[in-house]
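Below are the chains, spelled out letter by letter.
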Amino acid sequence: MSEIVGLILIFFVGSVLLTDILLLFFLKGDSSKDIATCLFDETNLPRVSVLVAARNEEATLSRCIESLLNQQYPADKIEILIGNDASTDKTEVIARSFEKERSQLKVFNIDHDMGSARGKANVLAQLARAASGEIYLITDADMSLPPTWCKAMVAAFEKDTGMVTGYTAINENSLFASFQAIDWAYAIGMMKVVSDLGMPVTGMGNNMAVLAKAYHQTGGYENMPFSVTEDFQLTRAILSRGYGFKQLISPAVTGITLPAAGIKGLLHQRKRWMSGALQLPVAIVAVLGLQAIYYPLAVVLIVFYPWSILLVAAKGVVQSWFVCRTVRLSALPVKIGAIVLFEFYSAIISLSTLLFSLLPSGIKWKDRHY
């Protein structure tokens, strides 16, 4: 290997290490804020509408709805809207059974597309048309939210805030799930840092709150170009209208979702995310691209320069430290064993995702192809 090529590899691998060091340095918890800057407080809690898109979620919907019905929020100021997206299982039956018992829950059958919206974006577009809240809380049917979720998300809104995103963790029911949980923690921790630095990336479509006024100023999903990353599309539309954004990591806003089922499901999930990531600012795309090709570059570097394993090991230590700090902000337990093994998983998945994304096949999401 020529000396110039070697220096280039060292530069790229070192850049990833430096990025993780900076992330670790800038990661902070959510500090208390001046009550004068809050848009809402205990004396004027707004009416909120919880929007849930559900497609073939018979295994998880009850868990989600029960967590929403147990919110520590005035019952007369919360409505829960479930959009049944042409489900072929018992999703509608389950949702209707709750509707009969609780007046604040309403079920809508989504049987047509509205404007340019498709899939989940179409469901949310129609639920937003029916919603009466000042704040739209958006989550997925496979999520379980803490009782504090509604109030904590609402409390984060300040006078210029248009969107708030909470923290999503994975139900760690296997080692494979634990690896996914670490992956999510790293990604959300990164989004927290850049958001706090004034460079927000995207909301999380399974754990976010949107000011209703801001949403309708965008024209709604039905008037946005269709994207399989509907949360990113909405974030960009709201930010473009001058609203602020907040990424929270705390126990009060930590929702639990299910892991992707198997490698194939995970690769389709990542391919969908990558389609949105490519629309990010160039600097952030460059950082993500560097992360994607890091492992192949690191292997080549170690082969020709064995001492560089120290550089790679340092990167692994700093990244693990960053993940641990992120998870601890949510008050969830840290599984050290999974974190130690995570580098091997990440190397395999990063390369697999890169190759899978290059395939001409489309994206499969909720039993639909895009």
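Now for a look at the structure at hand. On a predicted model such as this, the values are computed, not experimentally measured, just so you know.

**Concerning the pairing of strand β7 (residues 207-211)**
In terms of burial, β7 is largely enclosed, as five of its five residues are buried. Two strands pair when backbone bridges link them, and strand β4 (residues 135-140) and β7 are joined in this way by five bridges, in the antiparallel orientation. Its bridge partner being in β7, I135 is matched across the sheet by L211. Bridge count between strand β5 (residues 161-165) and β7: three bridges; the pairing is antiparallel. The partner of M163 across the bridge, within β7, is V210.

**Some details on the environment of P225**
Turning to its location among the elements, P225 is positioned in the loop between α7 (212-217) and α8 (230-239). The exposure class of P225 is exposed, given its relative accessible area of 57%. For the pair P225 and I339, spaced 114 residues apart in the sequence, the C-alpha separation amounts to 39 Å. P225 has contacts with S116 and Q233, leaving out every residue within four places of it along the chain.

**A look at the packing of aromatic side chains**
One pass over the structure, following the stated rule, counts 10 aromatic pairs. Ring geometry for F179 against Y345: centres 4.8 Å apart, planes inclined by 25°, an arrangement best described as stacked. Here Y345 lies in helix α12 (residues 336-358) and F179 lies in helix α6 (residues 175-196), a separation of 166 residues in the sequence. Here Y294 and Y295 contribute two aromatic rings whose centre-to-centre distance is 4.9 Å and whose plane-to-plane angle is 75°, an arrangement assigned as edge-to-face. Among the residues examined, Y294 registers a relative accessible area of 1% and is labelled buried. Among the residues examined, Y295 registers a relative accessible area of 11% and is labelled buried.

**Let's talk about a nonpolar patch on the surface**
A cluster of nonpolar side chains, contributed by L18, I21, L22, F25, F26, L197 and M199, occupies part of the molecular surface with about 660 Å² of accessible area. Considering the arrangement of structural elements, one finds F25 in helix α1 (residues 3-26).

Criteria and thresholds
Sequence positions are assigned chain by chain, starting from 1 and proceeding in written order. Residue-level local features of this predicted model are given only where pLDDT is at least 70; pairs of side-chain atoms are given and counted only at 80 or more, and the full residue set underlies all totals for whole chains, interfaces and linings. Neither water nor hydrogens contribute to the side-chain values; these are computed over all heavy atoms in the structure. For each residue, the accessible area found with a 1.4 Å probe, counting protein chains only, is set against the maximum for its type, and the residue is called buried under 20%, exposed over 50%, and partly exposed in between. Each helix is a run of H or I in the DSSP string that is no shorter than four residues. Each strand is a run of E no shorter than two, and both are numbered from the N terminus. Two strands form a pair only when DSSP identifies at least two bridges running between them. Residue contacts follow a heavy-atom distance rule, with two residues in contact if any of their heavy atoms lie within 4.5 Å. Centres within 6.5 Å make a pair out of two Phe, Tyr or Trp rings, where for Trp the six-membered ring is used; the pair is then stacked when the planes are under 30 degrees apart, edge-to-face when over 60, and tilted otherwise. Patches here: salt-bridge-free residues with over 30% relative accessible area, like charges joined within 9 Å, nonpolar side chains (Val, Leu, Ile, Met, Phe, Trp, Tyr) joined within 5 Å. With residues, only the protein chains shown are counted as cover, and all accessible areas are computed by Shrake-Rupley using a 1.4 Å probe. A carboxyl oxygen of Asp or Glu within 4 Å of a side-chain nitrogen of Lys or Arg is what we treat as a salt bridge.

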